[in-house]
Amino acid sequence: MSGPAITPWVVGNWKMNPMRADAKQLVQELKQLLLNQNIEESKCHIGVSPVALELQSIQAQFSDCSRSISMVAQDLSRVAGTGAYTGEISAELLKDSAVECVLVGHSERREVFGDTPAVLNEKIKNALNAGLTVIYCVGESLEQRESGQAEHTVLQQICDIASVVQPEQWNKIIVAYEPIWAIGTGKTASPEDAQAMHAKIREGLSQISPAGQGMAILYGGSVKPENAVELAACPDINGALVGGASLNAESFYKIAQAFANTK
Ligand code: 13P
């Protein structure tokens, strides 16, 4: 089934990396690659997600880039607004710092920091109310895949957020399918398996909202230049959430180029 054309998103999740000097060099190299051969904004949205501490500095470093690069926060508080919440960064504070997007529900947040579906729902509600775009991450563990629970797990994660996203807010949600067993392991879901899951996700989203047909569904998990073209060729894979390979300017650029050229 061919739905509406969806401009792909390629987002670099830098996680708890790198040190400042390396980040500066990474930005410089990426800007140079884009200057030599630009990737048209209409062909691919590009975003980077540095540590919160560096969001403003990285944004400033990209201010003279030949194209726009979206700043994506890696997380936000379950508490909205401002107040006595030591260590927290709210959706409103992100928005006030010109951050436009935020990751929610990354498996590292779910597994290491105990972000439950209830907590994720609070974060999503706050982000959407503040006008941020949410990149909502879903994905099954190896155990769940091997026991035939992958699809059920992922569709449940989609259903989990249905009660907090208002009908008119679905166009501010991007889904990222990241099978946990493929994150940082060098193992990628085969394009067939990834496409099959993406199609299921789109079906699930479309049952919840008419916006589902036009929503970007990104793939994440050991995406690299070597597998980006094949993944980009899949009809329901509308971009990539890139971890390790986004710390290398050339690799990240090539992944964005693959999506821009293939879609
Ligand atoms: P890797 O690309 O390093 O596997 O990480 C994927 C990821 O978790 C992106 O959010």
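For the structure itself, consult the block above.
Read on for a plain summary of the structure. These figures come from a predicted structure and were not determined experimentally.

Now for the nonpolar core. Generally speaking, a soluble globular protein has its nonpolar side chains buried in company with each other. In this structure, Ile124, Ile173 and Ile201 are the most contacted members of the largest nonpolar core, which totals 70 residues. When residues of this core are assigned to their parent elements, the largest contribution, 8 residues, is made by helix 10 (residues 249–262). In this structure Ile173 touches Ile124, Leu128, Val134, Tyr136, Val165 and Met215, once residues within four positions along its chain are discounted.

Bringing the site of the ligand into the picture now. Lining the immediate surroundings of the ligand are Asn13, Lys15, His106, Glu178, Ala182, Ile183, Gly184, Gly221, Ser222, Leu241, Gly243 and Gly244. At 3.0 Å, a side-chain N or O of Asn13 approaches an oxygen atom of the ligand. In the model, an oxygen atom of the ligand is placed 2.8 Å from a nitrogen or oxygen of the Gly244 main chain. Here the ligand has 310 Å² of accessible area as a free molecule, and 95% of this is covered by the chains. Tallied by class, residues from the shell around the ligand come to 3 nonpolar, 7 polar and 2 charged.

The subject of this paragraph is helix 5 (residues 117–129). Compared with an ideal rise of 1.5 Å per residue, which puts 13 residues at 18 Å, helix 5 spans 18 Å between its outermost C-alpha atoms and is within 8% of the ideal. Of the positions making up helix 5, those classed as buried are Val119, Leu120, Asn121, Lys123, Ile124, Asn126, Ala127 and Leu128. Elements that come into contact with the buried residues of helix 5 comprise helix 3 (91–96), strand 4 (101–104), helix 4 (107–112), strand 5 (133–138), helix 7 (150–160) and strand 6 (173–177). Phi turns positive, to about 90°, at Gly131, one or two residues after helix 5.

Below, the discussion takes up the side chain of Ser90. Mapping Ser90 onto the fold places it in the loop between strand 3 (70–73) and helix 3. Engagement of the side chain of Ser90 in a polar contact is seen with the backbone oxygen of Gly81, the distance being 2.6 Å.

Attention now moves to the environment of Asp160. As for its position among the elements, Asp160 is in helix 7. Filtering out sequence-adjacent residues up to four positions away, Asp160 remains in contact with Pro117, Asn121 and Tyr136.

This part takes up the environment of Ile183. Looking at the secondary structure, you find Ile183 in the loop between strand 6 and helix 8 (191–208). Each C-alpha atom of the pair Ile183 and Val27 lies 23 Å from the other, and the pair is 156 residues apart in sequence. Apart from the residues lying within four places of it in its own chain, the contact partners of Ile183 are Lys15, His106, Ser107, Glu108, Glu178 and Gly221.

Definitions and limits used
- Residues numbered from 1 in each chain as written.
- Predicted model: local features only at pLDDT ≥ 70, side-chain atom pairs only at ≥ 80, totals over all residues.
- Heavy atoms only, no water.
- Core = buried A, V, L, I, M, F, W, Y, C linked by side-chain atoms within 4.5 Å.
- Buried < 20%, exposed > 50% of the residue type's maximum accessible area, 1.4 Å probe, protein only.
- Helix = DSSP H or I, 4+ residues; strand = E, 2+ residues; numbered from the N terminus.
- Contact = heavy atoms within 4.5 Å.
- Near = heavy atom within 4 Å.
- Polar contact = N/O pair within 3.5 Å; in protein donor to acceptor, adjacent residues only side chain to side chain.
- Areas by Shrake-Rupley, 256 points an atom, 1.4 Å probe, with all protein chains shown as cover.
- Nonpolar A, V, L, I, M, F, W, Y, C, P; charged D, E, K, R; others polar.
- Expected span 1.5 Å × (residues − 1).

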